[in-house]
Structure formats: C-alpha cells, structure tokens
Amino acid sequence: MYLPPHDPHVDDPMRFKPLFRIHLMERKCATVECMYGHKGPHNGHIQIVKKDEFSTKCNQTDHHRMSGGRQEEFRTWLREEWGRTLEDIFHEHMQELILMKFIYTSQYDNCLTYRRIYLPPSSPDDLIKPGLFKGTYGSHGLEIVMLSFHGKKAKGTKITGDPNIPAGQQTVEIDLAHPLQLPDIENLRDFSELSRIVLEVQEQVRREEQEEEQRQEEDDRSQQAASQAASKPLGTEGAEGEETAVGVEGTTQNKAPASQPFVLPMGVISRNEDYPRTCRICFYGTGLIAGHGFTSPERTPGVFVLFDDDRFGFIWLELKSFSLYSRIKVSFQNAQAPSREAFDEMLKNIQSLAT
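Nothing here was measured: the structure is a model prediction, and the numbers come from that model. Per chain, residue numbering runs from 1 following the sequence as it is written. The model is predicted, so local features are restricted to residues of pLDDT at least 70 and side-chain atom pairs to those at 80 or more, both for listing and for counting; the totals for chains, interfaces and linings are taken over all residues. Side-chain metrics in this entry use all non-hydrogen atoms of the structure; hydrogen atoms and water are not considered.

Asker: So what exactly am I meant to see when it comes to the overall build of the chain here?
Answerer: Strands here are runs of E lasting at least two residues and helices are runs of H or I lasting at least four, both read from the DSSP assignment and numbered beginning at the N terminus. Across its full length, the chain holds 6 helices and 18 strands. Think of it in three bands: residues with accessible area under 20% of the maximum for their type are buried, residues over 50% are exposed, and the middle band is partly exposed, with areas taken using a 1.4 Å probe on protein chains only. When burial is assessed residue by residue, the chain has 39% of its 355 residues classed as buried.

Asker: I keep staring at a negative patch on the surface and nothing clicks. Help me out?
Answerer: Patches were defined on residues exceeding 30% relative accessible area and lacking a salt bridge, with like-charge contacts within 9 Å and nonpolar side-chain contacts (Val, Leu, Ile, Met, Phe, Trp, Tyr) within 5 Å. Accessible surface area values rest on a Shrake-Rupley calculation with a 1.4 Å probe, where residue burial reflects the displayed protein chains alone. One speaks of a salt bridge when a side-chain nitrogen belonging to Lys or Arg is within 4 Å of a carboxyl oxygen belonging to Asp or Glu. This count recognises Lys and Arg as positive and Asp and Glu as negative, with His and chain-terminal groups excluded. Here the site of a charge means atom NZ of a Lys, CZ of an Arg, CG of an Asp or CD of a Glu. Taken together, the side chains of Glu208, Glu209, Glu211, Glu213, Glu217, Glu218 and Asp220 present a region of like negative charge at the surface. Relative to the elements of secondary structure, glutamate 208 occurs in helix H4 (residues 191-225). A relative accessible area of 33% means that glutamate 208 is categorised as partly exposed.

Asker: Mind showing me how you'd approach the side chain of histidine 63 here?
Answerer: Considering the arrangement of structural elements, one finds histidine 63 in the loop between strand S6 (53-58) and helix H1 (69-82). Residue class for histidine 63 comes out buried when judged on its relative accessible area of 17%. Residues in contact with histidine 63, not counting those within four places in the same chain, are Gly37, His38, Lys39, Gly40 and His42. Residue contacts are counted whenever heavy atoms from the two residues lie within 4.5 Å of one another.

Asker: I'm lost on H1 in this one. Help?
Answerer: The α-helix advances 3.6 residues per turn, and as a result positions three or four apart in sequence lie on the same side. Between its first and last C-alpha atoms H1 spans 20 Å; for 14 residues at 1.5 Å apiece the expected length is 20 Å, and the two agree. Three or more residues of H1 are buried, namely Glu73, Phe74, Thr76, Trp77, Leu78, Glu81 and Trp82. On its buried face, H1 sits against strand S1 (2-3), strand S2 (15-16) and helix H2 (92-106). A positive phi of about 70 degrees marks glycine 83, the residue just after H1. By this rule the span expected of a helix is its residue count minus one, scaled by 1.5 Å.

Asker: Is there a simple way to explain the nonpolar core in this structure?
Answerer: Each nonpolar core is a collection of buried residues, namely Ala, Val, Leu, Ile, Met, Phe, Trp, Tyr and Cys, held together in the definition by side-chain atoms within 4.5 Å. In terms of nonpolar packing, the biggest core is built from 26 residues, with Leu180, Phe262, Val303, Ile315 and Phe322 touching the most fellow members. Only H4, strand S15 (281-291), strand S16 (295-308) and strand S18 (321-327) provide two or more residues apiece to this core. When residues in this core are grouped by element, the largest group, 6 residues, is from H4. In this structure phenylalanine 262 touches Leu182, Ile185, Leu188, Tyr275, Pro276, Arg277, Thr278, Cys279, Val305, Phe307 and Ile315, once residues within four positions along its chain are discounted. Of all hydrophobic cores here, the second largest spans 20 residues; its members include Val145, Ile281, Phe283 and Leu306.

Asker: Just checking my understanding: could you explain the pattern of salt bridges for this structure?
Answerer: Two side chains of opposite charge can pair, provided their charged atoms sit close to one another. As enumerated under the stated definition, the model contains 20 salt bridges in all. Arginine 65 is the partner of glutamate 73 in a salt bridge, and the nearest nitrogen-oxygen pair spans 3.1 Å. A relative accessible area of 31% places arginine 65 in the partly exposed class. For glutamate 193, the salt bridge goes to arginine 196, with nearest N and O atoms at 2.6 Å.

Asker: I tried to follow H2 on my own but got confused; where do I start?
Answerer: An ideal rise of 1.5 Å per residue puts 21 Å on 15 residues; H2 measures up with 21 Å between its terminal C-alpha atoms. Along H2, the positions that sit buried rather than exposed are Met94, Leu97, Ile98, Phe102 and Ser106. Projection of H2 onto a plane perpendicular to its axis shows the buried side chains occupying an angular sector of 155 degrees, all on one side. Exposed residues lying more than 90 degrees from the buried face of H2 are Glu92 and Tyr104. For H2, the secondary structure elements touched by its buried residues are H1. The arc in question is traced by the directions running from the helix axis to the C-beta atoms.

Everything listed here is a matter of geometry and, on its own, says nothing about what the molecule does.
Shown next as structure tokens:
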C-alpha cells in the first residue's frame, strides 16, 4: 500500500506499507501471507475476481488485534496514519471524522479488493501532464486525486475518498475555456472581490449553456421542418465556429502563461500555509461537496490555480477553503516487485491451484 504523507505535507514522498506477500515454491506450490497488523506475517488467501481485479483475505485476524484492545489499536493507527496523537488534535469535528475513518477501515482489514488503476492518456495540448496528485482536504487529511483532460474540461477524480465524497467521484471540474483574471495582490486579499469575479464567470457560463440549449432546439426544429436532407443552417455553423474559436483562443492563452503573484484571500482556510506565492494561470471550476454518506451532493463554484507542472490548487468558494495538490512521482515499484505480466501470471497459478 502506498499511503500519502502525513497531513498537510503534500510535497513529501508517499509511504510504503506491505499488505501481503506470495511465496512461489517448487512444483507450482504457493503460499499467501497477510502482512497486516503488528504480529508478523500470517496465513492469508488470494482470489481472482475478474479482469484487473483480485481480493485478499486474512485467515488469522487475531494477528491484527492488540493486547490493549480497540483503544490501543486506534492510537497506533492514528500515529501511523496521521503522525500525531489524539491529544494533538483539538478540533472536535476533526476528531469525529478521524474516528469515523478508523471504524470504517478497520471493518475491512481482513478482506480487501484491489482494482488496477489506468492512468489517463497524455496529449501535447494538455495544460500539464495528467496523473496522480496528493491533495489536502481539510479535516479529512490528504487524499489521492487523478487529474485528466477532456478537451475544454479537466477533471479531478478521487482515487481515495472520505465519509463525505467517496472514491470514484469527480471532486473538481475545471473549465479551460474560462480563464480567470485575478485582481492585483492587494485586492486579491479581499475575499468578496474574488467571489465577485468567480460568480460573474459562473453567470456567464450559465448563459452560454442556455444559449447552446436554445441553438440545439432550433437546429432540431429546422431539421424536422426540412423537406429534404440538407446541411445545418448557416446560423448554426457560425455559432459553432464562434464557439470553437473561443476554445482555440483559450488554449493559446493556456500555453503561454505568465507568472503572477498569488496569495489566499483573508478568511480562506488552508491546511498548508506553505503554498506557492506565484501562479501561472487560473480557471473557473466547480467542486463537489456533500454531507456524510454522500448525501445531498452539489457542485459549487471555485478557482483552479495552476502553480507549476507539479502543483495546483483549488479554492472552494462556498466552504472558504483551499486545497493544495502535489504530483505523485513514485514509480510504484520497489526493487523486488515483479512486473505486471509476472504478477498476473502469479495470480493465474494460484487460481489454478485453488481449482
């Protein structure tokens, strides 16, 4: 398991923790050992579920328990996961969220399912190279997000989740067709000024979406009324050409960013105060927020801030919160790790033995 660094140090390297190991012996005999817990390796089991997916099960869960009971297990988990003790955490809401995470994860410590992650393709037109990033999420700590590009949009998808937004959800969406011109550094400190700029762009995006819907409805009516097959009306072609030109112009701006001073507005909370003080470019975006259990999810306006090739940020306007993201550069292989092909073959051998 690759764990994120301790909150809020997003630039620190990932932490490595073995979860299971496979011994291949003579005559195609194989044994599986669970590495979870603090009593050393013990008997486990691996099963192939489907393509790009397998599960592990511990057969000796007593090795996961501690003599001091759940309280000792929680304190040990807290030191390993967060690098601190409960006494160090004064915020009651944060204590509640951490306890919820411990209870949730400890329920599945004896049976885990693994799915292969396919990284997004990279294009020369991308703003930066897509990939995996560590990000600060307030009291939830650090989480892993996959950044990908889709034409005029960029998306941040959660690889790891929390009690509010689970893994697999699109945490942020960046509108690359709508760059934001930030005010000068003094006015940027005023949250109301930044909020005004963002909400104006939000209203512009809403109007453009309405106009696009109206154009689409007019196209449909025109096609229905046409007595023979014909090309799209000239008005529609002009509208589409105009929209494309905007996208091209936005892309050109993206490719030649100039560095500008950056500071968080007063009142915006950040887990990491060591964020860059210059940025390349900013875009309008939306962030997904929800209640516990992913209740009442909604997309809210925000600001995507590109700092450099390996770091970006997102200002959650409604939450008055700032998330800082740093690229994961680890190769996800240690010296003894098998290749993908070798590991897949290993799982097939174990499956054939089981059947």
